[in-house]
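Below are the chains, spelled out letter by letter.
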Amino acid sequence: MPTLDVAGASLYYETHGHVSAPALLLIHAGVASLRMWDPIVPSLEGDHHVIRYDTRGFGGTRTADGPYSDRDDARALLDHLGVAEATVVGASRGGRIALDLALETPERVSGLVLAAGAIGGFPEVPLTEAEQSLSDRMDEAEAAADWLRLADLEVGFWCVGPARAAAAVDPEFVRLASELNRANAAHAAEQPVPAPLDPPAYGRLGELDFPALVTVGAHDASPALRWFEYARDGIPGAEHEIFAGSAHLPSLEQPAEFAARLREWLGLHGL
């Protein structure tokens, strides 16, 4: 079980493929762990050095309470593996980390992929009535410290999507998504505090100067759809893709389609 000790944490990570191949750094969503990438790693490791890790508060990573920098963690892992630069693929919260990393140290990033990537400093997005109802229930579960119920509600909000009925979604996908997020309940008592990028990413997308691919699932929640639109329009030369059959985790719900689009984009840009 490979881990990297950094200030205040022991980061669990996995690598695949040959170290001499172009590097891909995969950063998971806040409703998952590095396991969300399992279905697409086999299609990437043949010609890439695939690196993925659990961020603080998730999966196999262990952390102390207190402030830290997500960007420092990502760079420490790249340094540990001898990787000067990588194409960074970030989903949701992981997209926010990827974007912040690209803005803070662009010399470490050769390409950027945002899968429903969050954007630091983005204004609050008004929720639909259905989304607000789900959000209120999540707040109640959090206030009651009912972490497993909170995890299940989060899967309904993000992974199923507020406008889809769970019965209309592949039950195996729902099972996998629930399993991934429920596992994070073990970290509920941990309180790592990520230091935000200053100034935040919002308003700075024009600074990015390398290939970018921005994606989202058609059934995702309103905030993710707005993040997608902003990144699509704001990153110079960004390509984009909407996955019609998924919500927040297309790499898990539509892995073949997601991997094919990612590989097409990587090949186009020689990454």
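Small disclaimer: the values here were computed from a predicted structure and weren't measured. (Residues numbered from 1 in each chain as written. Predicted model: local features only at pLDDT ≥ 70, side-chain atom pairs only at ≥ 80, totals over all residues. Heavy atoms only, no water.)

So, about the pairing of strand β3 (residues 23–27). The element β3 is extensively covered by neighbouring structure, given that five of its five residues are classed as buried. The alternating pattern of β3 places A23, L25 and I27 and L24 and L26 on opposite faces, both of which are buried. Here four bridges tie β3 to strand β7 (residues 86–91), and the two strands are oriented parallel to one another. Bridge pairing links L26 to V89 in β7. (Buried < 20%, exposed > 50% of the residue type's maximum accessible area, 1.4 Å probe, protein only. Helix = DSSP H or I, 4+ residues; strand = E, 2+ residues; numbered from the N terminus. Pairing = 2+ DSSP bridges.)

Summed over all chains, the structure comprises 23 salt bridges. With its nearest N and O atoms 2.8 Å apart, the salt bridge here joins R261 to E241. Of this pair, R261 sits in helix α9 (residues 255–268) while E241 is found in strand β11 (residues 239–243), placing the two residues 20 residues apart along the sequence. Its relative accessible area of 13% is what places R261 among the buried residues. (Salt bridge = Lys/Arg side-chain N within 4 Å of Asp/Glu carboxyl O.)

This part covers the layout of surface pockets. The volume enclosed by the largest pocket comes to roughly 850 Å³. Listed by contribution, the elements that provide at least two residues to the lining of the largest pocket are α3 (93–104), α4 (129–143), α5 (147–160) and α7 (222–234). Examining the composition of the lining of the largest pocket, we find that six residues originate from one element, α5, more than from any other. Class assignment for the residues of the lining of the largest pocket results in 15 nonpolar, nine polar and five charged. (1 Å grid on protein atoms, 1.4 Å probe; cavity = no way out; pocket = protein on both sides within 12 Å on 5 of 7 lines; lining within 4 Å. Points joined across faces, edges and corners; volume = space filled by probe spheres on them. Nonpolar A, V, L, I, M, F, W, Y, C, P; charged D, E, K, R; others polar.)

So, on to the packing of α4 against α5. At a minimum axis separation of 8 Å, α4 and α5 run at an interaxial angle of 165°. Taken as axis vectors, α4 and α5 run roughly antiparallel relative to one another. Of the two elements, α4 crosses α5, and the hand of that crossing is left-handed. Taking contact as the criterion, the partners of E131, L134, R137, M138, A141 and E142 in α4 are, on α5, W147, R149, L150, L153, E154 and F157. Here the residues of the contact of α4 with α5 are counted per class, giving seven nonpolar, no polar and five charged. (Axes fitted to C-alpha atoms, helices over the stretch in contact; angles between N-to-C directions. Parallel < 35°, antiparallel > 145°, perpendicular 65-115°, else oblique. Left-handed = near helix turned anticlockwise from the far one by under 90°. Contact = heavy atoms within 4.5 Å.)

Taken by themselves, the reported measurements are silent on function.
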